[in-house]
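This is what each chain is made of:
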Amino acid sequence: MIFQIECDRVLTPLCYITHNTLQLLLHLDFDSLKLPFFNLHRGSKESSRTSHVAADRLKGMQESVWVEFIRLAQEVKPVNLGQGFPDFAAPEFVTKALSDAVTGPNVLLNQYTRGFGHLRLVNALSKLYSKLLGRELDPLTEILVTVGAYEALYCTIMALVNPGDEVIIIEPFFDCYEPMTKMAGGIPVFVPLRPKKTHGPISSADWVLDPKEFASKFTNKTKMIIVNTPHNPLGKVFTRSELEMIAELCKKHNVICVMDEVYEWLVFKGSEHIRMATLPGMWERTITVGSAGKTFSVTGWKLGWLYGPHELTRPAQLLHQNCVYTCATPIQEAVAVGFEIEMERMGTPDSYWQDLIETLEPKRDRMAKFLTTVGMAPTVPEGGYFMIADFSEIGSKVNLDSEQGTKDYRFVKWLSRNKKLQGIPPSAFYCNEHKNLGEDYIRFCFFKEETTLEKAEKIIVDLKKSLT
Amino acid sequence: MSSRTSHVVADRLNGIQENVWVELIELAKEVKPVNLGQGFPDFAAPEFITKALRDALKQPDIFLNQYTRSYGHPRLVNALSKLYSKLLCRELDPLNEILVTIGADEAIYCTIMALVNPGDEVIIIEPFFDIYEPVTKMAGGIPVFVPLRPKKTHGPISSADWVLDPKELASKFTNKTKMIIVNTPNNPLGKVFTRSELEMIAELCKKHNVICVMDEVYEWLVFKGSEHIRMATLPGMWERTLTIGSAGKTFSITGWKIGWLYGPRELTKFPQLLHENCISSCATPLQEAIAVGLEIENEHMGTPESYWRDLVDTLEPKRDRMAKFLTTVGMAPTVPEGGYFMMADVSEIASKIDLDAETGMKDYRFVKWLCRNKKLQGIPISAFYCNEHRNLGENFIRFCFCKEETTLEKAEQIIMDLKNSLL
């Protein structure tokens with residue numbers, strides 16, 4: 001179990017890597033679940049219950065592959081570019097709003113609020129997205145506030161997927177899509193993005209779906225497709241025509257489209273975030289997911305939302321009602337305040353989102369540059385704050401034999417142990433059959449302080465020198 | 001092109017409806033009554049907790065605003081471990097035997113979804129906190145209901161007078177019984193199960209190899225003369241018991257939605273796994289602040305500085321005041337031994353009132369009438385019973401007394417006026 005180690009404050013962020021980026025898997029040996037103690041009789045009679053302890057819906061979850069990484073990081077204390085969150089302070093206008101909410105005169109801000117979303121927040125979300133969608137979004141019936149985008153995805157999948165339903169997942173994928181689909185009894189159907197060039201500067205725009213291959217994945221069992229744009233880990237921002245291709249198939253096969261748009265505000269120059277929900281014929285079959293954590297750099301607040309037509313949001317609302325019932329009031333209040341402030345300054349030089357992009361873009365470029373210098377071939381992302389790089393050239397020059405696992409796992413471990421630099425192995429973002437598609441790559445997060453990136457750069461440059 | 005018609009919604013939501021309170025919430029918005037329905041205080045949360053959150057946000061440790069450990073923020077699980085190890089008289093492993101959740105609601109959800117298979121029976125004691133039934137159904141489980149019944153119908157009634165019939169309880173255990181859910185102190189009754197009542201349940205759990213889920217969210221709110229006993233401390237029960245707690249009830253911050261469960265690793269690992277794939281992790285700054293709160297209370301426990309002691313000292317007179325004014329108007333309250341709710345039998349007073357303008361079961365009609373005509377909000381108790389047993393609840397209303405004195409004064413005034421109007 002990944003968390004069997006001592007978790008001190010230094011490690012806490014490392015502990016996070018596992019569940020943000022990968023399938024957190026636990027191998028359940030169902031025979032071993034008939035544990036001796038459970039069958040011991042107490043008093044006179046033998047137990048009569050025969051069913052296994054654990055529910056079947058947890059079957060198929062396998063042993064966590066990250067145990068080794070976490071221990072290694074604890075030992076090595078590397079420069080950590082694995083974590084998917086900033087290592088600098090969250091914006092003050094948001095943290096102040098939370099502080100004000102809990103200590104302010106309105107005592108009810110520390111008590112239960114509306115189950116489907118605190119009014120001030122759903123109103124702010126409605127105002128914001130109505131503008132962006134070009135349609136009036138009903139705050140009460142067309143929005144659900146959730147515990148992070150994670151719970152939005154969970155409620156959507158559990159509310160809409162029946163055993164036997166197929167769910168198309170585009171690879172590389174954010175790790176929770178697969179286990180959530182399986183927990184709902186759904187059948188994940190994978191289709192990879194592939195780079196259409198192998199040499200020269202590669203952009204996330206160069207990673208594309210093959211139209212024929214993609215179309216072949218739609219069957220009469222397909223209930224849902226999950227699309228992540230901007231994309232983690234690639235940083236791909238799907239173009240209008242790419243979204244249209246997906247939309248046509250969704251309409252043709254009557255499929256629900258789940259759009260994971262958590263990085264919607266982090267789109268770099270030259271790209272534009274397009275919302276599937278605005279495409280013709282798509283509003284009625286699209287659920288879109290967002291995240292306060294990514295929006296305001298407060299991933300630890302665990303607040304997200306989904307919006308869509310009532311026919312689709314309502315089942316998710318009902319599932320949410322029975323799962324967590326309601327989200328934290330003061331956090332919702334603070335996020336609402338954050339949105340009210342941002343909406344005023346959207347498109348102006350004072351915009352936080354504008355500032356975030358202007359901060360991140362040079363970091364992206366700096367990282368792309370130093371990775372290129374050492375012979376890693378980065379895919380320059382159009383959005384988000386991750387970058388993957390093909391390390392195969394450099395990987396062939398180092399001896400990875402002392403490590404185990406797929407090639408990328410071995411390289412990540414070698415890099416951590418020997419060079420004290422932590423990344424994430426992307427083959428974890430692929431289904432078992434397609435892991436080879438990810439094994440030449442490593443993922444780094446560039447949403448880090450300049451000092452962190454400097455240290456990383458130095459390590460990379462030293463690595464280069466040591467190989468010449 | 002066909003647009004989605006039937007079968008959009010997953011089958012697991014069959015029979016799941018929107019919360020029964022919707023209608024009442026709408027009415028309350030319209031009428032703006034004195035609200036004794038809501039289960040939370042209308043006074044400020046304790047300052048040491050809100051201050052702890054404020055401090056967490058100002059701290060140089062910027063990671064307090066970023067993701068923390070999935071199964072629970074280290075500082076919090078360590079504080080929970082320290083507190084409960086003492087109370088359980090066993091070392092509670094913070095990493096493997098504790099899960100931090102989005103309130104007790106998510107603890108219940110993860111427990112049931114992680115352990116109940118289609119066809120498994122889950123025994124639910126009535127009146128029950130409303131989510132037990134729909135979550136059991138979503139897991140494909142079969143809820144089996146067994147009611148607490150008052151053993152007296154006249155004279156002052158305590159929640160201790162509401163009891164299970166031992167034969168009836170025993171008859172509910174079959175070879176399909178996977179789990180039983182026990183809420184002590186109980187919402188809405190306020191019953192604090194005695195040691196021998198818990199032992200009776202424990203014996204049946206052991207005999208039938210049943211997992212015991214203890215919803216102990218009101219564990220700190222136990223009035224003089226009663227003692228909260230943890231099932232997990234009973235012989236042979238640690239290995240088959242998961243216990244649930246709530247920061248919301250512990251520190252009067254229901255809106256923070258942080259709870260936990262603890263139990264043996266062999267059971268805890270399953271809700272941990274489900275939680276990881278459902279929520280992934282709970283809010284870091286909130287967990288940090290609650291950890292600070294627990295560290296402080298841990299020091300103060302049993303001393304005059306104890307917040308929990310103060311809470312009980314504050315609530316007990318409110319309980320007594322409410323019991324008194326309800327009795328005055330001919331409602332027969334069940335005086336709770338714990339928690340902050342009080343049930344009262346309204347049949348006598350309801351018979352004097354024309355409830356025909358309202359619809360639904362008798363208690364719903366009375367609650368709506370009381371709200372609309374007297375501007376006082378309660379909760380109808382039949383909602384805490386399964387369909388077949390709703391009649392057991394239809395004479396009762398639930399009020400929350402965890403309210404400011406001014407709120408209780410207003411309520412008392414309304415009740416006195418009601419009494420006068422009926423003379």
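These numbers were taken from a predicted model, which means no experiment stands behind them.

(A) Looking closely at the overall build of chain B. Looking only at helices and strands, chain B features 14 helices and 16 strands. Since a compact globule built from 423 residues should have a radius of gyration of about 22 Å, the 22 Å found for chain B is in line with a globular shape. C-alpha extents for chain B along the principal axes are approximately 60 × 60 × 50 Å. Relative to its full complement of 423 residues, chain B shows a buried share of 66%. Long-range pairs, those at least 24 residues apart, make up 72% of the contacts in chain B between residues at least 6 apart in sequence. Of the roughly 14,300 Å² that chain B leaves accessible, carbon and sulfur atoms contribute 51%.

(B) The nonpolar core, seen in detail. In this structure, Tyr154, Phe339 and Met376 of chain A together with Tyr109, Ile180, Met331 and Phe366 of chain B are the most contacted members of the largest nonpolar core, which totals 267 residues. Looking at which element gives the most residues to this core, the answer is helix α6 (residues 148-160) of chain A, with ten residues. If we skip the residues at most four places from it in the chain, phenylalanine 366 of chain B touches Met331, Val346, Ile349, Ala350, Ile353, Leu355 and Ile397 of chain B. Counting residues in each nonpolar core, the second largest holds 31 residues, with Ile168, Ile202, Val227 and Leu249 of chain A among its members.

(C) Here's a closer look at the pattern of salt bridges. Residue and element names in this part refer to chain A. For the structure shown, the criterion picks out 41 salt bridges over all chains. Salt-bridge contacts for glutamate 242 lead to lysine 236; the nearest nitrogen and oxygen are separated by 2.7 Å. Taking the relative accessible area as the measure of exposure, glutamate 242 reaches 16% and is therefore buried. In this structure, the salt-bridge partner of glutamate 342 is arginine 345, at a minimum N-O distance of 2.7 Å. Of this pair, glutamate 342 and arginine 345 both sit in helix α12 (residues 329-345), three residues apart, which is roughly one turn of the helix.

(D) Representation of the packing of helix α4 (residues 103-115) of chain B against helix α9 (residues 265-276) of chain B within the structure. All names here are of chain B. Where α4 meets α9, the axes come as close as 8 Å, and the angle between the chain directions of the two elements is 110°. Taken as axis vectors, α4 and α9 run roughly perpendicular relative to one another. Of α9, the residues touching α4 (which contributes Glu106, Tyr109, Cys110, Thr111, Met113, Ala114 and Leu115) are Phe270, Pro271, Leu274 and His275. In the contact of α4 with α9, the residues fall into eight nonpolar, two polar and one charged.

(E) Broad picture of the interface of chain B and chain A. Residue-level contacts link 95 residues of chain B with 104 residues of chain A. For the pair chain B and chain A, the two sides together bury roughly 8,400 Å², of which 59% comes from carbon and sulfur. Inspection of the chain B/chain A interface yields zero salt bridges. Our count for the contact surface shared by chain B and chain A stands at 34 residue pairs in polar contact (both at pLDDT 80 or more). Only α2 (47-58), α4, α5 (132-138), β8 (177-183), α7 (195-208), α9 and α10 (284-300) of chain B provide two or more residues apiece to the side of chain B that touches chain A. With nine residues, α9 of chain B is the largest single contributor of residues to the side of chain B that touches chain A. Across the side of chain B that touches chain A, the residue classes break down as 45 nonpolar, 28 polar and 22 charged.

(F) Representation of the UniProt feature "domain: Aminotransferase class I/classII large" (unreviewed entry) in chain A in the model. Per the UniProt record, "domain: Aminotransferase class I/classII large" (unreviewed entry) is found at residues 78-456 of chain A. Helix makes up 40% of residues 78-456 of chain A and strand 16%. Its end C-alpha atoms lie 9 Å apart.

(G) Expanded view of the packing of aromatic side chains. According to the stated counting rule, one finds 44 aromatic pairs over all chains in the structure shown. With a centroid separation of 5.7 Å and 70° between ring planes, the pair formed by phenylalanine 93 of chain A and tyrosine 352 of chain A is classed as edge-to-face. With a gap of 259 residues between them, phenylalanine 93 of chain A in helix α4 (residues 92-103) and tyrosine 352 of chain A in helix α13 (residues 352-373) connect regions that are remote in the sequence. Here the aromatic rings of tyrosine 218 of chain B and phenylalanine 341 of chain B are separated by 6.1 Å at their centres, their planes lie at 85°, and the arrangement is edge-to-face. With tyrosine 218 of chain B in the loop between β9 (211-215) and β10 (241-246) and phenylalanine 341 of chain B in strand β13 (residues 341-345), the pair connects residues that are 123 residues apart, well separated along the chain. Following the ring pairs from residue to residue traces out a cluster consisting of Phe93, Tyr129, Trp265, Phe296, Trp305, Tyr307, Phe339, Tyr352 and Trp353 of chain A. The ring of phenylalanine 238 of chain A carries the charged tip of lysine 236 of chain A above its face, separated from the ring centre by 5.2 Å.

(H) Just the sheet that holds strand β2 (residues 98-101) of chain B, in detail. All names here are of chain B. Strand order in the open sheet formed by seven strands is β2-β11-β10-β9-β8-β3-β4, and the pairing between neighbours is mixed. The two strands at the open ends of the sheet, each matched to only one other strand, are β2 and β4 (142-147). Pairs of neighbouring strands in the sheet enclose a mean axial angle of 20°, with direction left out of account. Of the pairings in the sheet, the one linking β8 to β9 comprises five bridges and is parallel in character. What sits directly across from isoleucine 180, in β9, is cysteine 212. Contacts from α4 reach β2, β8, β9, β10 and β11 (259-262) within the one sheet, and its direction differs from that of β10 by about 160°. Set on the sheet, α7 makes contact with β3 (121-126), β8 and β9; between it and β8 the angle comes to about 165°.

(I) Structural view of the sheet that holds strand β9 (residues 256-260) of chain A. All names here are of chain A. If you walk across this open sheet you meet the seven strands as β2-β11-β10-β9-β8-β3-β4, and the pairing is mixed. Every other strand in the sheet has two partners, leaving β2 (143-146) and β4 (187-192) as the edge strands with one partner each. Between one strand and the next, the sheet's axes are offset by a mean angle of 20°, whatever the strand orientation. Packing against the sheet, α6 makes contact with β2, β8 (222-228), β9, β10 (286-291) and β11 (304-307), and its axis sits at approximately 160° to β10.

(J) Quick look at the state of the cysteines. Residue and element names in this part refer to chain B. For the structure on display, the rule yields zero disulfides over all chains. The thiol of cysteine 110 is unpaired, and the distance to the nearest cysteine sulfur, on cysteine 278, comes to 5.3 Å. The thiol of cysteine 386 is not disulfide-bonded; the next cysteine sulfur, from cysteine 205, is found 20 Å away.

(K) Region of the structure containing helix α5 (residues 119-133) of chain A. Residues and elements named next belong to chain A. With 15 residues, α5 extends 20 Å between its outermost C-alpha atoms, agreeing within 8% with the 21 Å of an ideal straight helix rising 1.5 Å per residue. Those residues of α5 that are buried lie in contact with β2, β11, α12 and α13. Downstream of α5 by one or two residues, glycine 134 has phi in the positive range, about 70°.

(L) View of the UniProt feature "domain: Aminotransferase class I/classII large" (unreviewed entry) in chain B. Cross-referencing UniProt, the feature "domain: Aminotransferase class I/classII large" (unreviewed entry) maps to residues 33-411 of chain B in the present numbering. The span residues 33-411 of chain B is 39% helical and 17% strand by assignment, and the distance between its end C-alpha atoms comes to 10 Å.

(M) Focus on α10 of chain B. Between the first and last C-alpha of α10 of chain B there are 24 Å, a value that for 17 residues agrees with the 24 Å anticipated at 1.5 Å per step. Phi for glycine 302 of chain B, located one or two positions after α10 of chain B, is positive at around 80°.

(N) Fine view of unusual backbone geometry. Cis geometry is found at the peptide bond from threonine 229 of chain A to proline 230 of chain A, where omega equals -10°. Between glutamate 126 of chain B and the following residue, proline 127 of chain B, the backbone shows a cis peptide bond with an omega angle of -5°. Following the sequence through the fold, proline 127 of chain B ends up in the loop between β3 and α5. The phi torsion at asparagine 254 of chain A lies on the positive side, around 55°, for a residue other than glycine. In this structure, asparagine 254 of chain A sits in the loop between α9 (240-253) and β9. Given a relative accessible area of 13%, asparagine 254 of chain A falls into the buried group. Of note in this structure, tyrosine 325 of chain A is not a glycine but carries a positive phi near 70°. Considering the arrangement of structural elements, one finds tyrosine 325 of chain A in the loop between α11 (310-323) and α12.

(O) Region of interest: the pairing of β8 of chain B. All names here are of chain B. Taken across its seven residues, β8 has seven buried, putting it largely inside the fold. Bridge count for β3 against β8 is four bridges, and the pairing is parallel. Bridged to valine 122 within β8 is methionine 179.

(P) Highlighting the environment of threonine 313 of chain A. Residue and element names in this part refer to chain A. The residue threonine 313 is located in helix α11 in this model. Separated by twelve residues in sequence, threonine 313 and tyrosine 325 have C-alpha atoms that sit 15 Å apart. When residues no more than four places from it in sequence are discounted, the contact partners of threonine 313 are Thr141, Glu142, Ile287, Leu306, Tyr307 and Gly308.

What counts and how
- Residues numbered from 1 in each chain as written.
- Chains lettered and ligands numbered in written order.
- Predicted model: local features only at pLDDT ≥ 70, side-chain atom pairs only at ≥ 80, totals over all residues.
- Heavy atoms only, no water.
- Helix = DSSP H or I, 4+ residues; strand = E, 2+ residues; numbered from the N terminus.
- Rg over C-alpha atoms; globule rule 2.2 N^0.38 Å.
- Buried < 20%, exposed > 50% of the residue type's maximum accessible area, 1.4 Å probe, protein only.
- Contact = heavy atoms within 4.5 Å.
- Areas by Shrake-Rupley, 256 points an atom, 1.4 Å probe, with all protein chains shown as cover.
- Core = buried A, V, L, I, M, F, W, Y, C linked by side-chain atoms within 4.5 Å.
- Salt bridge = Lys/Arg side-chain N within 4 Å of Asp/Glu carboxyl O.
- Axes fitted to C-alpha atoms, helices over the stretch in contact; angles between N-to-C directions.
- Parallel < 35°, antiparallel > 145°, perpendicular 65-115°, else oblique.
- Nonpolar A, V, L, I, M, F, W, Y, C, P; charged D, E, K, R; others polar.
- Buried area = accessible area lost by both parts, 1.4 Å probe.
- Polar contact = N/O pair within 3.5 Å; in protein donor to acceptor, adjacent residues only side chain to side chain.
- UniProt positions renumbered as here; feature names shortened; annotations may be inferred.
- Phe/Tyr/Trp six-rings, centres within 6.5 Å; stacked < 30°, edge-to-face > 60°.
- Lys NZ or Arg CZ within 6 Å of the ring centre and 35° of its normal.
- Pairing = 2+ DSSP bridges.
- Disulfide = S-S within 2.5 Å.
- Expected span 1.5 Å × (residues − 1).

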